[in-house]
Amino acid sequence: MRFKKIILTIIILGIILVPVLVYYFDRSVPTQKHIYESNWDIDIPSNYKSIYQSQDKHDFQGKGNRYTIFTTNEIDNSNLITLQKSSKNIQVCNGNSTALNHNEIEEFVRAVTSALNIPEDREPKFTHYYLWQKFIQYGKTLIVLYFPDRNQVFFIESLI
């Protein structure tokens, strides 16, 4: 009788603890959005949903490339990436595909997508109109491309 009570208690504890542990460990895995926010001291709008991600094996110093595509409901000036108030030493440049300096942006993106072997259907289409932001800090570069006609946002990061 005592043995049955012990087994029943263990089963009940297991039924209670397993969902709690699954919930805890699921919440503790950082999302792509969280990684970008913590690496760059930026605020990414909550309606950005990750649909594709690729990265190489970063070395022990954290150097490497990362590429993520987010989708969103709508792209306008109100949902562009903003720096957190506490961010320091981050240079920010903005532009669009009609500006003269967009070739540098496209070359950077092509270099990272080539290094990561991104499939062509997952690469940004530079024939479409886009907005861009460039964040630079201590040799690290993050390019954010916004394609309003597709409601997609591309994050291309190189940590050197």
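These figures come from a predicted structure and were not determined experimentally. (Residues numbered from 1 in each chain as written. Predicted model: local features only at pLDDT ≥ 70, side-chain atom pairs only at ≥ 80, totals over all residues. Heavy atoms only, no water.)

Across its full length, the protein chain holds 3 helices and 8 strands. Mapped from its N terminus to its C terminus, the protein chain presents α and β elements in the order α-α-β-β-β-β-β-α-β-β-β. Expressed as a percentage of the 160 residues in the protein chain, the buried residues total 38%. In the protein chain, the proportion of contacts linking residues at least 24 apart, taken out of those at least 6 apart, comes to 63%. Entry remark: accessible area of the protein chain is about 10200 Å², with carbon and sulfur atoms responsible for 57%. (Helix = DSSP H or I, 4+ residues; strand = E, 2+ residues; numbered from the N terminus. Buried < 20%, exposed > 50% of the residue type's maximum accessible area, 1.4 Å probe, protein only. Contact = heavy atoms within 4.5 Å. Areas by Shrake-Rupley, 256 points an atom, 1.4 Å probe, with all protein chains shown as cover.)

As a further point, take the pattern of salt bridges. Pairs can form between side chains of opposite charge once their charged atoms are near each other. Enumeration according to the criterion identifies 3 salt bridges in this entry. With a closest N to O distance of 2.5 Å, R66 and E157 form a salt bridge. Here the residue R66 occupies a position in strand β3 (residues 64–71), and E157 occupies one in strand β8 (residues 152–159), the gap between them amounting to 91 residues. On the accessibility criterion, R66 (6% relative accessible area) is buried. Measuring nitrogen to oxygen at the nearest pair gives 3.7 Å for the salt bridge that ties E106 to R110. (Salt bridge = Lys/Arg side-chain N within 4 Å of Asp/Glu carboxyl O.)

What follows is about a nonpolar patch on the surface. A contiguous nonpolar surface patch, about 610 Å² in accessible area, is contributed by F3, I6, I7, I10, I11 and I15. With respect to the secondary-structure elements, F3 resides in helix α1 (residues 2–28). (Patch = residues over 30% accessible without salt bridge, like charges linked within 9 Å, V, L, I, M, F, W, Y side chains within 5 Å.)

All right, on to the packing of aromatic side chains then. All chains considered together, the criterion is met by 9 aromatic pairs. Geometrically, the ring pair formed by F70 and F155 is edge-to-face, given 4.9 Å between the ring centres and 70 degrees between the ring planes. Taken together, the positions of F70 in strand β3 and F155 in strand β8 put the pair 85 residues apart, joining distant regions of the chain. You'll find F70 and F155 in the same group, each marked buried. Aromatic ring contacts, followed pair by pair, group Y52, Y67, F126, Y130, F147 and F154 into a single cluster. Stacked on the ring of Y36, the Lys or Arg R66 has its end atom at 5.9 Å from the ring centre. (Phe/Tyr/Trp six-rings, centres within 6.5 Å; stacked < 30°, edge-to-face > 60°. Lys NZ or Arg CZ within 6 Å of the ring centre and 35° of its normal.)

In summary, soluble globular proteins display a tendency toward joint burial of nonpolar side chains. Counting 18 residues, the largest nonpolar core has I42, I81, Y146 and F155 as the members making the most contacts within it. Listed by contribution, the elements that provide at least two residues to this core are α2 (32–40), β6 (131–137), β7 (140–147) and β8. For I81, the residues in contact, after removing those within four places along its chain, are I42, D43, I44, P45, Y48, Q133, F135, V144, Y146 and F155. I69, V109, Y130 and W132 belong to the second-largest nonpolar core, a separate cluster that totals 17 residues. (Core = buried A, V, L, I, M, F, W, Y, C linked by side-chain atoms within 4.5 Å.)

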